[in-house]
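Geometric and topological summary
Take a look at the letters that make up each chain.
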Amino acid sequence: MNGKLYIVENVEAEVCTACGERYFHAKTLDAIDELLLKQHVVEKTLDVEVVRFHREAA
């Protein structure tokens, strides 16, 4: 969101009974957006490496 990466913990997800894939309801995603757009408590900050995959390297 706005060039930042967020990890949001404890988000309820539905699970597809056929394939096991997890998904989120639109209302949940809207609530996450609302949370991140206003002042919020940051539990911790992590360093994240960004690596570009090049097909030739495989």
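Residues numbered from 1 in each chain as written. Predicted model: local features only at pLDDT ≥ 70, side-chain atom pairs only at ≥ 80, totals over all residues. Heavy atoms only, no water.

**Things to note about the overall build of the protein**
Per the secondary structure count, the protein includes one helix and two strands. Going from N to C terminus, the protein has its helices and strands arranged as β-β-α. Relative to a compact globule of 58 residues, whose C-alpha radius of gyration would be 10 Å, the protein shows 16 Å and is clearly more extended. Taking the principal axes of its C-alpha atoms as reference, the protein extends roughly 40 × 35 × 20 Å. The buried share among the 58 residues of the protein stands at 3%. Here the protein has roughly 6,100 Å² of accessible surface; of this, 51% comes from carbon and sulfur atoms. Charged side chains in the protein number 7 positive and 11 negative. The centres of these two groups are separated by 3 Å. (Helix = DSSP H or I, 4+ residues; strand = E, 2+ residues; numbered from the N terminus. Rg over C-alpha atoms; globule rule 2.2 N^0.38 Å. Buried < 20%, exposed > 50% of the residue type's maximum accessible area, 1.4 Å probe, protein only. Areas by Shrake-Rupley, 256 points an atom, 1.4 Å probe, with all protein chains shown as cover. Lys, Arg positive; Asp, Glu negative; His and termini not counted. Charge placed at Lys NZ, Arg CZ, Asp CG, Glu CD.)

**Notes on the environment of Glu43**
Among the secondary structure elements, Glu43 is positioned in the segment after helix H1 (26-37). C-alpha separation for the pair Glu43 and Ala26, spaced 17 residues apart in sequence, amounts to 24 Å.

**A few points about unusual backbone geometry**
Although it is not a glycine, Asn2 sits at a positive phi angle of roughly 50°. Phi at Asn10 is positive, roughly 60°, even though this residue is not glycine. Examined against the element boundaries, Asn10 turns out to sit in the segment before strand E1 (14-15). Judged by relative accessible area, Asn10 falls into the exposed class, the value being 80%.

**Comments concerning the environment of Leu35**
Along the chain, Leu35 falls in helix H1. What makes Leu35 partly exposed here is its relative accessible area of 36%. Separated by 21 residues in sequence, Leu35 and Glu14 have C-alpha atoms that sit 20 Å apart.

**Notes on the layout of surface pockets**
Of the pockets and cavities examined, the largest pocket occupies roughly 610 Å³. For the largest pocket, the lining is made up of 16 residues, of which Leu5, Tyr6, Ile7, Val42 and Lys44 are closest to its centre. Class assignment for the residues of the lining of the largest pocket results in ten nonpolar, two polar and four charged. The space that makes up the second largest pocket amounts to roughly 170 Å³. Every residue along the wall of the second largest pocket is listed here: Tyr6, Ile7, Val8, Val11, Phe24, Leu29, Ile32, Asp33 and Leu36. (1 Å grid on protein atoms, 1.4 Å probe; cavity = no way out; pocket = protein on both sides within 12 Å on 5 of 7 lines; lining within 4 Å. Points joined across faces, edges and corners; volume = space filled by probe spheres on them. Nonpolar A, V, L, I, M, F, W, Y, C, P; charged D, E, K, R; others polar.)

In short, shape yes, function no, at least from these values alone.
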